[in-house]
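Below are the chains, spelled out letter by letter.
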Amino acid sequence: MAHRIITQVVFSGARIIGRAVTESYRQAAASQKYAAANAKSGNAVFTSSNITMDEACKILNVGPSKMGQIDMEIVTERFKRLFDLNEPKKGGSFYLQSKILRARERIEREVRGYQEMAEREKELNWKPKIYKE
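Residues numbered from 1 in each chain as written. Predicted model: local features only at pLDDT ≥ 70, side-chain atom pairs only at ≥ 80, totals over all residues. Heavy atoms only, no water.

### Considerations on a nonpolar patch on the surface
- Together, Met 1, Ile 5 and Val 9 line one region of the surface with nonpolar side chains, adding up to about 350 Å² of accessible area.
- Note that Ile 5 resides in helix H1 (residues 2-41). (Patch = residues over 30% accessible without salt bridge, like charges linked within 9 Å, V, L, I, M, F, W, Y side chains within 5 Å. Areas by Shrake-Rupley, 256 points an atom, 1.4 Å probe, with all protein chains shown as cover. Salt bridge = Lys/Arg side-chain N within 4 Å of Asp/Glu carboxyl O. Helix = DSSP H or I, 4+ residues; strand = E, 2+ residues; numbered from the N terminus.)

### Some thoughts on the environment of Arg 102
- Within the element layout of this structure, Arg 102 appears in helix H4 (residues 94-124).
- Sequence-wise, Arg 102 and Asn 50 are 52 residues apart; in three dimensions their C-alpha atoms are separated by 8.8 Å.

### A look at the packing of helix H3 (residues 72-85) against H4
- Interhelical geometry of H3 versus H4 gives an angle of 170° and a closest axis separation of 9 Å. By the angle class used here, H3 and H4 are roughly antiparallel. Listed contacts from H4 to Met 72, Val 75, Phe 79, Leu 82 and Phe 83 of H3 are Gln 97, Ile 100, Leu 101, Arg 104, Ile 107, Glu 108 and Val 111.
- The residue inventory of the contact of H3 with H4, partitioned by class, reads 9 nonpolar, 1 polar and 2 charged. (Axes fitted to C-alpha atoms, helices over the stretch in contact; angles between N-to-C directions. Parallel < 35°, antiparallel > 145°, perpendicular 65-115°, else oblique. Contact = heavy atoms within 4.5 Å. Nonpolar A, V, L, I, M, F, W, Y, C, P; charged D, E, K, R; others polar.)

### So, the pattern of salt bridges
- According to the stated counting rule, one finds 5 salt bridges in the structure shown.
- For Lys 99, the salt bridge is made with Glu 55, and the minimal N-O distance between the two is 3.7 Å. Of this pair, Lys 99 sits in helix H4 while Glu 55 sits in helix H2 (residues 53-60), placing them 44 residues apart in sequence.
- Classification of Lys 99 by relative accessible area gives partly exposed; the value is 22%.
- Since its relative accessible area comes to 29%, Glu 55 is described here as partly exposed.
- Across the pair Glu 108 and Arg 104 runs a salt bridge, and its minimum N-O distance is 3.8 Å. Pair noted here: Glu 108 and Arg 104 are both in helix H4, with a separation of 4 residues, about one helical turn. (Buried < 20%, exposed > 50% of the residue type's maximum accessible area, 1.4 Å probe, protein only.)

Okay, here's the thing in structure tokens:
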């Protein structure tokens with residue numbers, strides 16, 4: 001009698017776990033398709049770190065970016081201070097530490113993008129001197 005109950009418990013547990021695994025796989029596949037569709041259409045508001053520029057500026061307490069004009073020394077200084085304050089070994093939060101890291105990465109990515117855009121504009125607007133005789 002006991003072996004029947006144990007068998008039923010094992011099979012029921014296996015069935016529940018099997019359903020959970022297949023459902024999580026379906027959700028992962030659906031979210032991957034959704035992310036790919038957004039990336040192709042160019043409607044991606046969030047980056048891979050899921051943090052906006054405004055949120056990144058608020059986390060590191062820097063002013064909002066105006067065409068990539070953020071002092072990276074201030075960003076780096078505030079990042080180091082906040083990152084060290086939230087060290088898990090010192091009683092800080094790993095979650096906050098990772099948010100601070102993602103905020104710095106997002107700001108760096110934004111500034112780098114504006115710098116590359118400015119360099120391209122500079123190359124495109126190059127006008128050679130033409131001498132008229």
